[in-house]
Amino acid sequence: MVIRPLLTCLLGFAMLTPAAPAQRLSADGAMQTFHFVSEQYFSDVLFHFSPTYGTQSGLHQYDTQLEDYSAAGVQKQIAALHAYEKKIEEIPADGLDAPIAADRQILLNSIRSQLLSLEVIRNWEKNPDLYSSGVTNSIFVLMERPFAPPNARLRSVVEREKQIPQVFVEARKNLKNPPHIFTEIALEQIDGLISFFEKDVPAAFVDADDAQAKADFARTNAAVIQSLKEYAAWMKSDLLPRSNGDYRLGADTFAKKLAYDEMVDIPLDRLLQIAMNDLHRNQAEFARIAKQVDPTKTPQQVLAELATIHPAPDKLLSSFQGTFDSLISFIRAHKIITIPSDVQPTLEETPPFMRATTFASMDPPGPFETRSTKAYFNVTLPEKDWTSAHVAEHMASFNVGTIISTSVHEAYPGHYVQFLWQNQFPSKIRKLIGANSNIEGWAHYTEEMMLEEGYAAPPPNATPEQVRESRLIHLGQLQDALLRDARFVNAIKLHTGLGEPDGKWTIDQAVDFFVKEGYQSRSVGLVETKRGTVDATYLYYTLGKLEIMKLRDDLKKKQGAAFNLETFHDNFMRQGFAPIKVIRKAMLHDDSPVL
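The shown structure was predicted, so the numbers you read here are calculated from the model rather than taken from an experiment. (Residues numbered from 1 in each chain as written. Predicted model: local features only at pLDDT ≥ 70, side-chain atom pairs only at ≥ 80, totals over all residues. Heavy atoms only, no water.)

Caption draft 1: Examining the sheet that holds strand 1 (residues 346–349) more closely. Within the open sheet, the three strands sit side by side as 1-3-2. Their pairing is mixed. Each of the sheet's edge strands pairs with one partner strand only, and the pair in question is strand 1 and strand 2 (360–363). In this sheet, neighbouring strand axes are inclined to one another by 25° on average, regardless of whether the strands run parallel or antiparallel. Relative to strand 3 (residues 376–379), strand 2 runs antiparallel, the two being bridged by four bridges. In the sheet register, Met362 faces strand 3, and the bridge partner there is Phe377. (Pairing = 2+ DSSP bridges. Helix = DSSP H or I, 4+ residues; strand = E, 2+ residues; numbered from the N terminus. Axes fitted to C-alpha atoms, helices over the stretch in contact; angles between N-to-C directions.)

Below, the structure written as structure tokens:
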């Protein structure tokens, strides 16, 4: 998973300029108007209502601002989004060059997705973690990267922290009837957030020597900690007992979200069948490889053995680091994709506010960050207070095979390599607004593609141990593929109940599906199900992978012997974070279906 809030921007205030006239524009006029209006949108709406995303993107004029979480702020954002939706609709698409017309549609869809989120889904009334993890992230992005001297960043922290206690005042007003699981997730994370402000934030600024800033920080940070503790107590005693809301989007909203975010309008029953077909394909391949590993055992028994083959928790980060050189060498030797830089990502432990719902993630600098350009590869380590059984279950997610597939996914040639290409993306829109079926689809696609191209294959005259290790790595890749297949199925079923007699798919059913059909441990299944209640369309991993595989196959048919994999991947990268539908049009020059 890559950390990049590309489509979910929240809250604030904007002074809107009058709409530019767009009737009867010439082609040149339409192009100029679109560029002007889209630039206005970024300053008046996107970053104005999401200053944390401004910081994350490398635009540090937003560093002292915090999102306005009030209901009035939500209504101002909704009004601003509607105003810009109208402005962009008035610019005729047929007056724009094809790439710009695609950017126009991407921007319109992003605006409509945000309106769907604010007006229909209404997580600002339903998700208490939105507030506690949101403000934590606003401070994390200031301390994570040394884009300015410690004193300057500490002063920005103070300015943001001054505004945080009010956020929890607004949260108490806004939260109506959250789903029980949303409040549970918020409570599960809150102790880590409090610890983050108690320990991590002060430790990040030990080198600051501005006495006034340090004194101010001591006051504001104490107030934030107190606010978080009071919020935790309020959630537990007041909010949790009355958290009886429904997390399900329903079929109509789910389909609209997919159409806006991913430009996918395939009927949900067909999507579910696509998911089940891929699940069964990967299960059959898992059974075939497992039989080669040990013909006397069932696939589940081989899986249980695989779960025990992992590094010690304190060696986990170094195990990931150890994969980078071999991946890079293979990519270059086999001409998989151009890697634009020799700089490797920095491995670190996952920030506390993300640990409840993610095992590993890539956190690259924003597209406009010029002073601190490290990318962080986050890995979630076991907590110190976990039981040995919980630790064992957690570490099973980092077996000998999944460590390879995770490194491929997060780093080479997955998220990190895509980040390295972003300077070549064709527009600001392609850098700031993205489809997860592209971002996560690409990273997931690379896991299978790298093995297809021969990575981790046993060498000639391999020993039995080398052959066995290669097969275990393949099983790890398949286990990760089955995890994404289970997300695909559960996303649709959790939020629509499609295919169920009573139209409902319970939390327990979803967890069981991850375990039995997705070949995951029960603790992983629970984490994944919790995530699915909030991240409703996290089917985009397999969805995007299958779209990219079809695009590759269709291009092979069209180009024949002239097809080159490295050229295909490089050209895919040059399109930026656009939905695959847009990339198909650019690379195939037709409107053929994405799946």
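Caption draft 2: Quick peek at the side chain of Thr220. One can find Thr220 in helix 9 (residues 211–239). Here Thr220 is in contact with Val158, Glu161 and Lys162, once residues within four sequence places are set aside. (Contact = heavy atoms within 4.5 Å.)

Caption draft 3: Looking closely at the packing of helix 11 (residues 268–293) against helix 23 (residues 540–559). Helix 23 packs onto helix 11 with a crossing angle of 85° between their chain directions and a minimal axis gap of 11 Å. Between helix 11 and helix 23, the crossing angle belongs to the class labelled roughly perpendicular. Within the contact between the two elements, helix 11 uses Leu271, Ile274, Asp278, Arg281 and Asn282 and helix 23 uses Thr542, Leu543, Lys545 and Leu546. Residues of the contact of helix 11 with helix 23, tallied by class, amount to four nonpolar, two polar and three charged. (Parallel < 35°, antiparallel > 145°, perpendicular 65-115°, else oblique. Nonpolar A, V, L, I, M, F, W, Y, C, P; charged D, E, K, R; others polar.)

Caption draft 4: Representation of the environment of Lys558. Here Lys558 lies in helix 23. What makes Lys558 exposed here is its relative accessible area of 51%. C-alpha of Lys558 to C-alpha of Glu262: the two residues are 296 residues apart in sequence and 25 Å apart in space. The contact partners of Lys558, leaving out residues within four places of it in the chain, are Leu588 and His589. Of note is the side chain of Lys558, whose polar atom sits 2.6 Å from the backbone oxygen of Leu588. (Buried < 20%, exposed > 50% of the residue type's maximum accessible area, 1.4 Å probe, protein only. Polar contact = N/O pair within 3.5 Å; in protein donor to acceptor, adjacent residues only side chain to side chain.)

Caption draft 5: Fine view of helix 3 (residues 71–89). Its 19 residues place the ends of helix 3 27 Å apart at the C-alpha level, agreeing with the 27 Å of an ideal helix rising 1.5 Å per residue. Taken together, the buried positions of helix 3 are occupied by Gly73, Val74, Gln77, Ile78, Ala80, Leu81, Tyr84, Glu85, Lys87 and Ile88. (Expected span 1.5 Å × (residues − 1).)

Caption draft 6: A look at the pattern of salt bridges. Scanning all chains against the criterion turns up 37 salt bridges. A salt bridge links Arg112 to Glu89, with the shortest nitrogen-to-oxygen separation between them at 2.8 Å. Taken together, the residues Arg112 in helix 4 (residues 98–121) and Glu89 in helix 3 connect sequence positions 23 residues apart. Across the pair Arg281 and Glu448 runs a salt bridge whose closest N-O atoms are separated by 3.2 Å. A residue pair is termed long-range when its members are at least 10 positions apart, and Arg281 in helix 11 and Glu448 in helix 19 (residues 436–452) qualify at 167 residues. Connected through shared salt-bridge partners, Asp278, Arg281, Glu448 and Lys545 make up one network. (Salt bridge = Lys/Arg side-chain N within 4 Å of Asp/Glu carboxyl O.)

Caption draft 7: The arrangement of the packing of aromatic side chains in detail. This model, assessed by the stated rule, comprises 26 aromatic pairs. Here the aromatic rings of Tyr41 and Tyr84 are separated by 6.1 Å at their centres, their planes lie at 65°, and the arrangement is edge-to-face. Highlighted residues: Tyr41 in helix 1 (residues 27–49) and Tyr84 in helix 3, separated in sequence by 43 residues. For Tyr41, a relative accessible area of 0% gives the class buried. On the basis of an interplanar angle of 40° and a centroid distance of 5.5 Å, the ring pair of Phe47 and Tyr62 is categorised as tilted. Within this pair, whereas Phe47 is found in helix 1, its partner Tyr62 is found in the loop between helix 2 (51–57) and helix 3, the two being separated by 15 residues in sequence. (Phe/Tyr/Trp six-rings, centres within 6.5 Å; stacked < 30°, edge-to-face > 60°.)

Caption draft 8: Quick look at the confidence of the model for the chain. Mean pLDDT over the chain: 93, with 95% of residues reaching 70 or higher. Scored below 50 in pLDDT, residues 2–26 makes 85 contacts in the model with residues more than four places away or belonging to other chains. (pLDDT = per-residue confidence, 0-100.)

Caption draft 9: Up close: the packing of helix 6 (residues 129–143) against helix 7 (residues 150–174). Where helix 6 contacts helix 7, the axes come no closer than 9 Å and their chain directions differ by 175°. Put simply, helix 6 runs roughly antiparallel to helix 7. Every residue of helix 7 that contacts helix 6 at Tyr131, Ser132, Val135, Ser138, Ile139, Val141, Leu142 and Met143 is listed here: Arg153, Ser156, Val157, Arg160, Glu161, Ile164, Val167, Phe168, Ala171 and Asn174. Of the residues that constitute the contact of helix 6 with helix 7, the class distribution is 11 nonpolar, four polar and three charged.

Caption draft 10: Spotlight on unusual backbone geometry. Backbone torsion omega between Tyr412 and Pro413 reads 0°, so that peptide bond is classified as cis. Along the polypeptide, Pro413 turns up in the loop between helix 16 (400–410) and helix 17 (415–420). Positive phi, normally seen in glycine, also occurs at Asn461, with a value near 60°. A residue is classified by how much of its surface remains accessible, and Asn461, at 79% relative accessible area, is exposed. Even without a glycine there, the phi angle at His589 is positive, about 60°.

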